[in-house]
Amino acid sequence: MSSLFSTLARAGRGLWWFLDASRRALLNLLFIALLAVLAWALLRGGPPALQPKTALVLDLSGRISEQRPGSNRGTLLRQLQGDEDGGARLRDVLAVIDAAAQDPAITHALLLTDELGAAGLPTLREMAAALQRFKATGKPVVAWGANFDQRGYYLAAQASEVWLHPMGSISVQGYGRLRSYYKDLLDKVGVTAHVIRAGKFKNAGENFTASAPSAETLESDGALYGALWATWTTGVEQARKQPAGSVMQAVDSLPASLEAAGGDPAAWALQRKWVDALKTRDEMRATLIARGAPDDDGKADDGQEGKATTFRQVHWRAYLARIKPKSEGDAVGVVVAEGGISDGRAGPGRIGGLSTAELIRQARADKKIKALVLRVNSPGGSAFGSELVRRELELTRAAGKPVVVSMGDVAASGGYWISLAADEILADEATITGSIGVVAMLPTAGEAFNKLGVNAAGNSTTWLGTAYDPRRGLDPRYERLLQASVNHVYRDFTTRAATARNTTPEKIDAVAQGRVWAGKDALAHGLVDRLGGLGDALKSAVARGKLGADYRTVYVEAAPGRLDRWLQRFGLAELGDAMAAWTERADGAAAAAPLAAAAAALGLPPGAALPLLDDLAWLAGASAEGRPYIAAAHCLCVAP
């Protein structure tokens, strides 16, 4: 027996030695690899000069956002995972297009949108305007695609020419959506959703208390989607030099017009003059070689390789690395407020009441920053977190620094609240804004527990101790308490809006009530000062801050960590963002796991379960903060 134990002990020691040696070897290899990367970064010079007749390849893939979630470590992990489709920041795309427009080596551009992800109409309009500026310098833009969806085609239509693969298609559906309504389901399982709201149009939570949309929801959604569709069709028709109403006529002609084209979507698009030519990818490359120059290295940024079989080109991400921003002089500071709003701290791509307020204070304390632009892309969230941000902007103005708000895809509810302390508010005509209203929601499952034979009983020193317990019905006194609280927050919201817009609370209330508006309608109702994009907001801040023509733009963001600083120092910042993004996705997946399990238990297919998970996501956030309820200034809306 002792020899057996001795043998097992020796085997255990051997296994431990092997594991420890493997661990040390792996760490050493990683350290050597890091040294090699740093040495390469030190030894490499600047990028080689571009040759004449170079094409800028605008291969737009993934989500276009104001701010990449995570940090510089993220991109490194994404690249190691082979995931290059991490999206892009809008400001980077705009900077590349504008810089290339003035670069004599860049003579034309190729736009590829097949892999374009989420992007709201205001974001598309910002990029479309940049493409028009590029074309205004006399440089043509060619758009090619295998399949254009509605987002991709809006951008492609801005090009000098649009080429479609002979087996390709253009998919345009317009704007609108179907919501899932859960009241009948909840009634069957014995669950009641108590929605307390201020504002007859405040429909967040309505789908848990009704079986169909209310008249107010149909009215506001119809007006919003109609405004967005009018902006989209007008933009396409003007860019393609087609008569007004031609897009709708083409849509209404289906399916008969497609049948007349032999069921060929590409031929249909060519007949309708939605595209200029049908070309395969190799035909596209051959045409661009003839118009520009062959690539001497035979390497293509569009994923193709071959011996002198592609055109001279530079990918937009590679060109971005050539742009060196100014580092000295007076500046306009930009604070990005993107994503849902919470009370505390949040990383990039989200708004934390405390963390975003700190960034604003940082900009206020910086003597080089003479004016501040708040770029908002948020559907709202915590009313308290929203007020923390608004108050810091108010203090910034009181300190003598002008504040200009630039609204992106969405600046609604809490996103509108944080905009109220500005000298000027600019919105795109397609920005989703307004939604001045407040909502709280508490689910109870008393009937469900009764059906299961589970009873909740006990003592409490006050009625509040048992006023809300999901296992029982909601105490009417507690519901009154919540309604009073929600009404108070709504009065606060409308009063602040009235003060900011130089009007009365009664006039604000008439256009508030939780209703969302497109930017151009918000302008008509006095909720914003004028229509314009980020560039217009920067110009306004420059004028208000009395800055000279040599001003610089500084994005005020959280200080990078130690690894991020090292990556930036060696010019490797682009090896960044995916690690944190991956972590965020993992955290999100973990948070959604219970909901996903519940959906699976109900037998819902993934496609039907996703809207349910989205609907419940904001409740999970409130629950995580340890509160029985939260007064939310949230529109529960997204840019379509």
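Rules and cut-offs
- Residues numbered from 1 in each chain as written.
- Predicted model: local features only at pLDDT ≥ 70, side-chain atom pairs only at ≥ 80, totals over all residues.
- Heavy atoms only, no water.
- Helix = DSSP H or I, 4+ residues; strand = E, 2+ residues; numbered from the N terminus.
- Buried < 20%, exposed > 50% of the residue type's maximum accessible area, 1.4 Å probe, protein only.
- Contact = heavy atoms within 4.5 Å.
- Areas by Shrake-Rupley, 256 points an atom, 1.4 Å probe, with all protein chains shown as cover.
- Phe/Tyr/Trp six-rings, centres within 6.5 Å; stacked < 30°, edge-to-face > 60°.
- 1 Å grid on protein atoms, 1.4 Å probe; cavity = no way out; pocket = protein on both sides within 12 Å on 5 of 7 lines; lining within 4 Å.
- Points joined across faces, edges and corners; volume = space filled by probe spheres on them.
- Core = buried A, V, L, I, M, F, W, Y, C linked by side-chain atoms within 4.5 Å.
- Pairing = 2+ DSSP bridges.
- Axes fitted to C-alpha atoms, helices over the stretch in contact; angles between N-to-C directions.
- Salt bridge = Lys/Arg side-chain N within 4 Å of Asp/Glu carboxyl O.
- pLDDT = per-residue confidence, 0-100.
- Parallel < 35°, antiparallel > 145°, perpendicular 65-115°, else oblique.
- Nonpolar A, V, L, I, M, F, W, Y, C, P; charged D, E, K, R; others polar.
- Polar contact = N/O pair within 3.5 Å; in protein donor to acceptor, adjacent residues only side chain to side chain.

### Describing the overall build of the protein chain
Then, number 1: The helix and strand inventory of the protein chain stands at 24 helices and 22 strands.
Then, number 2: Counting across all 640 residues of the protein chain, residues that qualify as buried make up 47%.
Then, number 3: Summarising the internal contacts of the protein chain: among those between residues at least 6 apart in sequence, 76% fall at separations of at least 24.
Then, number 4: Carbon and sulfur atoms form 57% of the exposed surface of the protein chain, whose accessible area is close to 30,500 Å².

### Some remarks on the packing of aromatic side chains
Then, number 1: Summed over the entire model, instances satisfying the criterion amount to 9 aromatic pairs.
Then, number 2: Centre to centre, the rings of Tyr182 and Phe208 are 5.2 Å apart; their planes meet at 25 degrees, and the pair counts as stacked. Taken as a pair, Tyr182 in the loop between strand 6 (161-170) and helix 6 (183-189) and Phe208 in helix 7 (residues 206-209) lie far apart in primary sequence, 26 residues in all.
Then, number 3: Tyr182 gets classed as buried once you look at its relative accessible area, which sits at 8%.
Then, number 4: Judged by its relative accessible area of 7%, Phe208 falls in the buried class.
Then, number 5: Taken together through their ring pairs, the aromatic side chains of Phe148, Tyr153, Trp268 and Trp274 make up a single cluster.

### A look at empty space enclosed by the protein
Then, number 1: Scanning the model with the defined rule gives 1 cavity of 30 Å³ or more in all.
Then, number 2: In this structure, the largest cavity occupies an estimated 30 Å³ of space.
Then, number 3: The wall of the largest cavity is formed by Leu121, Pro122, Leu228, Asp409, Ala430, Ile432, Ala639 and Pro640.

### Description of the nonpolar core
Then, number 1: Among the nonpolar cores identified, the biggest contains 66 residues, and Leu56 and Trp232 are the most heavily contacted of them.
Then, number 2: Counting residues per element, this core draws most heavily on helix 8 (residues 215-239), at 8 residues.
Then, number 3: Apart from the residues lying within four places of it in its own chain, the contact partners of Trp232 are Leu121, Gln150, Tyr153, Tyr154, Val172, Tyr175 and Val247.
Then, number 4: Of all hydrophobic cores here, the second largest spans 52 residues; its members include Trp417, Ile418, Tyr468 and Tyr478.

### Some points on unusual backbone geometry
Then, number 1: Backbone torsion omega between Leu254 and Pro255 reads 5 degrees, so that peptide bond is classified as cis.
Then, number 2: Topologically, Pro255 is positioned in the loop between helix 9 (246-252) and helix 10 (256-260).

### Observations concerning the sheet that holds strand 4 (residues 106-112)
Then, number 1: The strand order across the open sheet built from 6 strands is 8-6-5-4-1-9, with neighbouring strands paired in parallel fashion. At either end of the open sheet lies a strand with only one pairing partner, and these are strand 8 (277-278) and strand 9 (313-315).
Then, number 2: Its contacts with the sheet place helix 4 (residues 121-136) against strand 1 (54-59), strand 4 and strand 5 (141-148), and it is angled at close to 150 degrees to strand 4.
Then, number 3: Contacts between helix 12 (residues 281-291) and the sheet are confined to strand 4, strand 5, strand 6 and strand 8, with strand 6 contributing the most and set at about 165 degrees to the helix.

### Overview of the pattern of salt bridges
Then, number 1: Taken as a whole and assessed by the stated rule, the structure comprises 28 salt bridges.
Then, number 2: Of the charged contacts, one joins Asp92 and Arg68 as a salt bridge, the two residues approaching to 3.6 Å between their closest N and O atoms. Residue Asp92 is found in helix 3 (residues 90-101), and its partner Arg68 is found in the loop between strand 2 (64-65) and helix 2 (74-80); the two are separated by 24 residues along the sequence. For the pair shown, Asp92 and Arg68 are each scored as buried.
Then, number 3: Residue Arg397 pairs with Asp423 through a salt bridge whose shortest N-O separation is 3.2 Å. Taken together, the positions of Arg397 in helix 15 (residues 383-398) and Asp423 in the loop between helix 16 (414-417) and strand 16 (424-427) put the pair 26 residues apart, joining distant regions of the chain.
Then, number 4: Classification of Arg397 by relative accessible area gives partly exposed; the value is 36%.
Then, number 5: Residue classification places Asp423 among the partly exposed positions, given a relative accessible area of 29%.
Then, number 6: Salt bridges sharing common partners tie together Glu387, Arg390, Arg391, Glu394, Asp492 and Arg496.

### Description of the confidence of the model for the protein chain
Then, number 1: On average, residues of the protein chain score 85 in pLDDT, and 79% of them are at 70 or above.
Then, number 2: Confidence drops under a pLDDT of 50 for residues 300-307, and excluding neighbours within four residues, the segment shows 17 contacts in the predicted structure.

### Remarks on the side chain of Thr231
Then, number 1: For Thr231, the location among the structural elements is in helix 8.
Then, number 2: For Thr231, a relative accessible area of 2% gives the class buried.
Then, number 3: Here Thr231 is in contact with Leu121, Arg125, Tyr154, Glu429, Ala430 and Lys520, once residues within four sequence places are set aside.

### Quick look at the packing of helix 14 (residues 353-365) against helix 15
Then, number 1: Contact pair helix 14 / helix 15: the axes reach a minimum separation of 8 Å and the direction vectors enclose 10 degrees. The orientation of helix 14 relative to helix 15 falls into the category roughly parallel. On the side of helix 14, the interface is formed by Gly353, Leu354, Thr356, Ala357, Ile360, Arg361 and Arg364, while helix 15 contributes Gly385, Leu388, Val389, Glu392, Leu393, Leu395 and Thr396.
Then, number 2: Taken together, the residues of the contact of helix 14 with helix 15 break down into 7 nonpolar, 4 polar and 3 charged.

### Quick notes on the side chain of Gln242
Then, number 1: Along the chain, Gln242 turns up in the loop between helix 8 and helix 9.
Then, number 2: Residue classification places Gln242 among the buried positions, given a relative accessible area of 16%.
Then, number 3: Among the polar contacts made by the side chain of Gln242, one reaches the main-chain carbonyl oxygen of Lys273 at a distance of 2.9 Å.
Then, number 4: Every residue in contact with Gln242, bar those within four places of it in the chain, is listed here: Glu237, Arg272, Lys273 and Trp274.

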